[in-house]
Amino acid sequence: MPPLTPDALDSARPLVAALRSAGCVFAEDEAELILSTARTPDEAALMVDRRAAGLPLEHVLGWAEFHGLRISLDAGVFVPRRRTEFLVEQAVALARGASLVVDLCCGSGAVGAALATSLDGPELHAADIDPAAVRCARRNLAPFAGQVHEGDLFAALPATLRGRVDVLAANVPYVPTGEVGLLPSEARDHEPLVALDGGADGLDLARRVAAEAPRWLARGGCLLVETSERQAPAAVEAFAAAGLIARLAVSEERCADVVIGVKP
């Protein structure tokens, strides 16, 4: 983003002051993003008010940056995390020739969009149980002719995909139920619980996906699921129990743990 002009700097000062007084640590950066997004000064002021009230910056802006893309984002939809870019990178490294990609628990469709831009025009499907996320994902995946389905995990997908999926990216919720209340208020208060709560130990959805994935993957197809460092060993065991060749990929820089399972 180019540096602000002197006039823009003058406009930014009251926004920065309001954001800083609301406790925003990166007030200058946020003010710059708001000014670059807002169409009028009144809209910028309203955006600052919404941010000061505690809304995630991405919901205020209406977009999130992910893997070099600007992902459209509606209020109440899960905000894609930058650490999940590591999952995308692992998938691309494994399956550059992929012809069929599925983004399960797709949220805004950020992972599917990133995979579509990084791979050579694969057929793309995505699914989520949250209607608001599905509406958002349809906008984000339309440029890639992606088909977005509403429903619970694999039940949402067309049966014709069984046994054909080369890349199955499932960014499932993995926060243990008892720890949801410990999340930052931006997530706890403004993102859907269904996108955060992973059950008693955080692995309920990961286990369900791993158990059913072999019926949907092509031979040599891969399943990738993000998890936490603490949960990773149990997640690897669940993948292996499902008959997948399982391993763990870790990025210390991004604090990201991705469990990868390949169908023999």
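Below or above, wherever it landed, is the structure these notes cover.

**Quick word on the overall build of the chain**
Of regular secondary structure, the chain possesses 10 helices and nine strands. Whereas a compact globule of 264 residues would reach a radius of gyration of roughly 18 Å, the chain reaches 19 Å, a difference of no more than 12%. Overall size of the chain, expressed as C-alpha extent along the three principal axes, is 60 × 40 × 30 Å. Within the chain, the proportion of its 264 residues that are buried is 50%. Of the roughly 12200 Å² of accessible surface on the chain, 53% is carried by carbon and sulfur atoms.

**Let's talk about the pattern of salt bridges**
On inspection of all chains with the given rule, the structure shows 15 salt bridges. The closest approach of N and O atoms between D189 and R188, which form a salt bridge, is 3.7 Å. By relative accessible area, which is 36% here, R188 ends up partly exposed. One continuous salt-bridge network, built from bridges that share partners, spans E30, R51 and E186.

**Thoughts on the sheet that holds strand 3 (residues 100-104)**
Overall, mixed pairing links the seven strands, which are arranged 5-4-3-6-7-9-8 in an open sheet. Among the strands making up the open sheet, the edge pair consists of strand 5 (147-150) and strand 8 (245-251). Recorded for the sheet is a direction-independent mean angle of 20° between the axes of neighbouring strands. Inspection of the sheet shows strand 8 paired to strand 9 (residues 256-262) by seven bridges, in the antiparallel sense. Paired with R247 across the strands is I260, a residue of strand 9. Sitting on the sheet, helix 5 (residues 85-94) is in contact with strand 6 (165-170), strand 7 (217-227), strand 8 and strand 9, with an inclination near 165° to strand 7.

**Quick word on the nonpolar core**
If you look at the biggest cluster of nonpolar residues, it comprises 32 residues, and the most contacted ones within it are L115, V167 and L224. Looking at this core, the elements that each hand over two or more residues are helix 5, helix 6 (110-118), strand 4 (123-128), helix 7 (131-141), strand 6, strand 7 and strand 9. Ranked by size, the runner-up nonpolar core spans 28 residues in total, among them A127, A156, A206 and V225.

**Overview of helix 3 (residues 41-52)**
In this model helix 3 runs 16 Å from its N-terminal to its C-terminal C-alpha over 12 residues, within 8% of the 16 Å that 1.5 Å per residue would give. Within helix 3, burial applies to A44, M47, V48 and R51. Taken around the axis of helix 3, the buried residues stretch over an arc of 100°, which confines them to a single face. Away from its buried face, by an angle of more than 90 degrees, helix 3 presents the exposed residues D42, L46 and D49. Positive backbone phi, at 110°, marks G54, one or two positions downstream of helix 3.

**Here's the deal with the pairing of strand 6**
Among the six residues in strand 6, six count as buried, and that is most of the element. Both strand 3 and strand 6 contribute to a ladder of four bridges, which runs parallel. Within strand 6, the residue paired with V102 across the bridge is L168. Summarising the sheet, strand 6 and strand 7 pair through four bridges and their orientation is parallel. If you follow A169 over to strand 7, its bridge partner there is L224.

What counts as what
- Residues numbered from 1 in each chain as written.
- Predicted model: local features only at pLDDT ≥ 70, side-chain atom pairs only at ≥ 80, totals over all residues.
- Heavy atoms only, no water.
- Helix = DSSP H or I, 4+ residues; strand = E, 2+ residues; numbered from the N terminus.
- Rg over C-alpha atoms; globule rule 2.2 N^0.38 Å.
- Buried < 20%, exposed > 50% of the residue type's maximum accessible area, 1.4 Å probe, protein only.
- Areas by Shrake-Rupley, 256 points an atom, 1.4 Å probe, with all protein chains shown as cover.
- Salt bridge = Lys/Arg side-chain N within 4 Å of Asp/Glu carboxyl O.
- Pairing = 2+ DSSP bridges.
- Axes fitted to C-alpha atoms, helices over the stretch in contact; angles between N-to-C directions.
- Contact = heavy atoms within 4.5 Å.
- Core = buried A, V, L, I, M, F, W, Y, C linked by side-chain atoms within 4.5 Å.
- Expected span 1.5 Å × (residues − 1).
- Arc of directions from axis to C-beta.

Remember that the coordinates give geometry; whether it matters functionally is a separate question.
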